[in-house]
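Below are the chains, spelled out letter by letter.
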Number of protein chains: 2
Amino acid sequence: MHSVTCQLSVSLDGFIAGPNQSLENPLGEGGMRLHEWAFSNASWRAQHGLDGGERNADSEVIEEATQGVGAYLMGRKMFGGGDGPWDENWTGWWGDEPPYHAPAFVLSRHPREPLRLQGTTFTFVNDGIHSALEQARAAAGDQDVAIAGGAKTVQQYLAAGLLDELHLHVVPVLLGSGERLLVDAGNPMLQPVQVVAAPTVTHLKYRVLH
Amino acid sequence: MHSVTCQLSVSLDGFIAGPNQSLENPLGEGGMRLHEWAFSNASWRAQHGLDGGERNADSEVIEEATQGVGAYLMGRKMFGGGDGPWDENWTGWWGDEPPYHAPAFVLSRHPREPLRLQGTTFTFVNDGIHSALEQARAAAGDQDVAIAGGAKTVQQYLAAGLLDELHLHVVPVLLGSGERLLVDAGNPMLQPVQVVAAPTVTHLKYRVLH
């Protein structure tokens, strides 16, 4: 059966982005350190049309992360473009070729027409997390729905008991402050189902017991 | 060479004790959930003179945690007895047979004569973390010094660059609030050196690079 999954890089002290996030630095100060393990990996690079990089235990984790994903779900902040009504010129952080190769649904208080880009269409959902998940499930068919972030969106789905799998890539850095992942996330029952010890990062996959 | 080590059970959201810690409930609300994996294990039970319990991947971790420890270091809160001048009747949380089988040093602003109990002597150190570590090292000889907690003590040694090894037993529960381990701990360089995936807990050992 398809699952609602979420995989994120997180600092050992629990942040998925550093302090002082901005348009110029959406990952916040030090936030890039959470992603170096992926950016330097051959699998990630190949997925993004780049040569080179290392192959190690991270590679399979990276490959698995995009397999079987039939739709993505994300918060407004993850898609970017500020808090107010949409600027129609804003097409996400990623340029013309976003890294989502499946339909994507963006939670937003403000209406906007669907945005078709290469490999994906972003659909903007104004009527809450349940509606967004329903639409994403329908789009995903028998594949998984992946919650792409940010923290607040993951928290909402986790607290509502709608997340099935949480896959954390634990990076041994301390960011000290920033966007904290696991707050206001309720009291889920989590069961470790897979642990991968890569050279610099530890991948912990949990099933959420319902 | 001997190391300065620390091993602690921590919730997935980063707490080593739950909210509302008190004399009656020093682990705080939900804090006991962080230790059930150990309390139900045959190795922990044998160390504490109890029968029964399971043997699994946790058992070796528990056995390793007490091997080679020549002295313990802890904060005042970990030893208990309030914040003010010592009540000489307070002999720690553990009764007559504390679980420390080596000399133990307690950071405290208030002077107190050494306290001899079965298997250990608690020495109270009033002149700071460096002095306490020096005394613990001298007592440990060529064995390790283990920082027993609490969070603030670990943070001080980590931030001062005096910790060599951090061993976290990551328990998949969210406590939501309480005593957070990794705050004000500086920006240490951590290298994963061992990962043990037990049925319910994941043990992550990091070396601190100096």
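Below: a short report on this structure. Everything quoted here is computed from the prediction, not taken from an experiment.

## Overview of the interface of chain A and chain B
Taken residue by residue, the interface counts 18 residues in chain A and 18 residues in chain B. Taken together, the elements giving at least two residues each to the side of chain A that touches chain B come down to strand E10 (189–197) and strand E11 (202–209) of chain A. Top element by residues in the side of chain A that touches chain B is E10 of chain A. It accounts for five residues. Each residue belonging to the side of chain A that touches chain B can be placed in one class, and the counts come to 12 nonpolar, five polar and one charged.

## Re the pairing of strand E7 (residues 144–149) of chain B
All names here are of chain B. Counting buried positions over the six residues of E7 gives six, a clear majority of the element. Inspection of the sheet shows strand E1 (residues 4–11) paired to E7 by three bridges, in the parallel sense. Bridging across to E7, Val4 finds its partner in Val145.

## Regarding the sheet that holds strand E8 (residues 165–171) of chain A
Residues and elements named next belong to chain A. If you trace the nine strands from one edge of the open sheet to the other, you get E5-E6-E4-E3-E7-E1-E8-E11-E10, paired in mixed fashion. Each edge of the open sheet is held by one strand with a lone partner, namely strand E5 (115–117) and E10. Going from strand to strand, the sheet's axes swing by 25° on average, the running direction of each strand aside. Here strand E3 (residues 69–74) runs beside strand E7 (residues 144–149); their pairing, made up of five bridges, is parallel. Bridged to Ala71 within E7 is Val145. Set on the sheet, helix H6 (residues 151–159) makes contact with strand E1 (4–11), E3, strand E4 (104–107) and E7; between it and E7 the angle comes to about 135°.

## As for the environment of Asn41 of chain A
Here Asn41 of chain A lies in the loop between helix H1 (36–39) and helix H2 (42–47). For Asn41 of chain A, a count of 24 C-beta atoms within 10 Å puts it in the buried group.

## What about helix H6 (residues 151–159) of chain B?
Those residues of H6 of chain B that sit buried are Ala151, Thr153, Val154, Gln156, Tyr157 and Leu158 of chain B. Within two residues after H6 of chain B, Gly161 of chain B carries a phi angle of roughly 75°, on the positive side.

## Brief notes about the relation of the copies chain A and chain B
It takes a turn of 180° to lay chain A on chain B, together with a shift of 0.0 Å along the axis; the resulting RMSD is 0.0 Å. Read as a symmetry element, the transformation amounts to a two-fold axis. For chain A, the smallest separation between a C-alpha atom and the rotation axis is recorded for Gly14 of chain A, amounting to 3.5 Å. The residues that chain A uses at the interface reappear at the interface of chain B in 100% of cases, marking a shared surface.

The rules behind these values
Residues numbered from 1 in each chain as written. Chains lettered and ligands numbered in written order. Predicted model: local features only at pLDDT ≥ 70, side-chain atom pairs only at ≥ 80, totals over all residues. Contact = placed C-beta atoms within 7 Å. Helix = DSSP H or I, 4+ residues; strand = E, 2+ residues; numbered from the N terminus. Nonpolar A, V, L, I, M, F, W, Y, C, P; charged D, E, K, R; others polar. Buried ≥ 20, exposed ≤ 12 C-beta atoms within 10 Å, placed from the backbone. Pairing = 2+ DSSP bridges. Axes fitted to C-alpha atoms, helices over the stretch in contact; angles between N-to-C directions. Least-squares fit on C-alpha atoms with pLDDT ≥ 70 in both.

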